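# Chains, contacts and geometry: an overview
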Amino acid sequence: EEDAVPDDDPIDGQGHGTYVAAHIVAMAPEARIMAVKVCSTVARSFGCPVFAILQGLEYAVDPNNDGSMNDAVDIINLSLGVSVLPAYYNELTLAVEAAFAVGVLPVVSFGNSGNKPFISGGYADSPNVLAVGATGNPRDPNRAGVMELYSSRGPGAKSHLKPDISAPSGNFAAQAGSGNGVQQVFGTSFSAPIVAGAAALLKENCPKCSPLALKTLLMNSAHRFVKANRDPTDATLAPLSWAGAGELRVKEALEADFWAYS
């Protein structure tokens, strides 16, 4: 496929990227955002071409294209899905694993396919990404601490734990092009950047922490008692294949003295 045409225009034509960025800075106000467009601004039906995502990942790990990764970002947020991907080791999986290997943590949305097992959007299955499911808005008493029905279900490839963690959705975020407007948005696309922001806080607190350490600290400290449904009389907990390690708890992650991963 032809290379994407470089475009320095930062304007978000759809609003999705603005919502994502707003969630990151809400969690980590001092985080520096590198906005990389990989999805079509012409029509949603064009989606996010795999070749464009690959080029975006390459740019994020080597912005000046000099072969050195010393200017790579610390965390990549991927709030996007690809409708058709080949088996587990596809191009995107290899690319996010390569980013992980050079010290970058990919945080990815696990998808909005609902109660269907093994549906994850391909590269979210990688053990070297932090895949995020969606829980309800903590300000909504009927949804707080409850898995959202639309959040995709694991387990992942080879029955590995997926998603890795869950985080709230249904928050209000800056509305692109409005100047000062906000919009309530739902989906794992907006749970992932909350976790990405939390990872940025951890990286600030522990600059030498590897991607594995960041991922593990967040998973180790997650709240494991996530409810399976909104019925107040039903205390059934969401299984690991729904909620992963549990719902994000930033304070606990920042205060952790050690981490353990197997």
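As the structure is a computational prediction, the values presented were derived from the model and not from experiment.

A cis amide bond links G154 with the next residue in sequence, P155, at an omega value of -5°. Tracing the backbone through its elements, the reader meets P155 in the loop between β3 (130-135) and β4 (165-168). P163 follows K162 through a cis peptide bond whose omega is -5°. Relative to the helices and strands, P163 is located in the loop between β3 and β4. A positive phi angle, close to 55°, is found at N65, a residue other than glycine. Summarising the element assignment, N65 is placed in the loop between α2 (50-61) and β1 (75-78). The exposure class assigned to N65 is exposed, which follows from its relative accessible area of 66%.

In this fold, N77 is placed in strand β1. Along the primary structure N77 and I194 are separated by 117 residues, whereas in three dimensions their C-alpha atoms are 9.7 Å apart. Among all residues touching N77, those that are not within four sequence positions of it are V20, I24, V107, A192, P193 and A196. Polar contacts involving the side chain of N77 include one to the side chain of S79, which spans 2.9 Å.

To continue, consider the state of the cysteines. Inspection of the entire model under this criterion finds 2 disulfides. Disulfide pairing is shown between C39 and C48; the S-S distance is 2.0 Å. On the sign convention where negative means left-handed, the S-S torsion of about 95° between C39 and C48 marks this disulfide as right-handed. On the basis of relative accessible area, C48 is assigned to the buried category, the value being 19%. C206 shares a disulfide with C209; S-S distance 2.1 Å.

Below, the discussion takes up the packing of aromatic side chains. Summed over the entire model, instances satisfying the criterion amount to 1 aromatic pair. Ring centres of Y19 and F190 lie 6.0 Å apart, and the angle between their planes is 85°; on these two criteria the pair is classed as edge-to-face. Linking Y19 in helix α1 (residues 16-27) with F190 in the loop between β6 (182-185) and α4 (192-205), this pair joins segments that are 171 residues apart in sequence. A relative accessible area of 13% means that Y19 is categorised as buried.

Let us look at helix α5 (residues 211-220). When you tally the buried positions in α5, you get 8 out of 10 residues, the bulk of the element. Of all the positions in α5, only P211, A213, L214, K215, T216, L217, L218 and M219 are classed as buried. Considering only its buried residues, α5 is in contact with α3 (91-101), β2 (105-109), β3, β4, α4 and α7 (250-255).

A word on the sheet that holds β4. Pairing is parallel in the open sheet, where 4 strands are placed in the order β1-β2-β3-β4. The strands lining the two open edges of the sheet, one partner per strand, are β1 and β4. With direction set aside, neighbouring strand axes in the sheet form an average angle of 30°. Relative to β4, β3 runs parallel, the two being bridged by 4 bridges. When the sheet's bridge partners are listed, G133 is paired in β4 with S166.

Time to look at the layout of surface pockets. If you add up the space inside the second largest pocket, you get close to 270 Å³. As for the second largest pocket, its lining consists of 13 residues, of which A26, M27, R139, N171 and I194 are closest to the centre. Of all the secondary-structure elements, those providing two or more residues to the lining of the second largest pocket are α1 and β5 (171-174). Residue contributions to the lining of the second largest pocket peak at 4 residues, all from α1. Class assignment for the residues of the lining of the second largest pocket results in 10 nonpolar, 2 polar and 1 charged.

Turning our attention to the packing of α1 against α4. Close contact between α1 and α4 brings their axes to 8 Å; oriented N to C, the two are set at 35°. Pair α1 / α4 crosses with right-handed handedness. Where α1 abuts α4, its residues V20, H23, I24 and M27 lie against P193, I194, G197, A198 and L201. Considered class by class, the residues forming the contact of α1 with α4 number 7 nonpolar, 2 polar and no charged.

Before going further, it helps to examine the confidence of the model for the protein chain. Looking at the protein chain as a whole, its pLDDT mean stands at 88, while 91% of the residues score no less than 70. Per-residue pLDDT, averaged within each element of the protein chain, yields its smallest value for β5 (87) and its largest for β4 (98).

Conventions and cut-offs
- Residues numbered from 1 in each chain as written.
- Predicted model: local features only at pLDDT ≥ 70, side-chain atom pairs only at ≥ 80, totals over all residues.
- Heavy atoms only, no water.
- Helix = DSSP H or I, 4+ residues; strand = E, 2+ residues; numbered from the N terminus.
- Buried < 20%, exposed > 50% of the residue type's maximum accessible area, 1.4 Å probe, protein only.
- Contact = heavy atoms within 4.5 Å.
- Polar contact = N/O pair within 3.5 Å; in protein donor to acceptor, adjacent residues only side chain to side chain.
- Disulfide = S-S within 2.5 Å.
- Phe/Tyr/Trp six-rings, centres within 6.5 Å; stacked < 30°, edge-to-face > 60°.
- Pairing = 2+ DSSP bridges.
- Axes fitted to C-alpha atoms, helices over the stretch in contact; angles between N-to-C directions.
- 1 Å grid on protein atoms, 1.4 Å probe; cavity = no way out; pocket = protein on both sides within 12 Å on 5 of 7 lines; lining within 4 Å.
- Points joined across faces, edges and corners; volume = space filled by probe spheres on them.
- Nonpolar A, V, L, I, M, F, W, Y, C, P; charged D, E, K, R; others polar.
- Left-handed = near helix turned anticlockwise from the far one by under 90°.
- pLDDT = per-residue confidence, 0-100.

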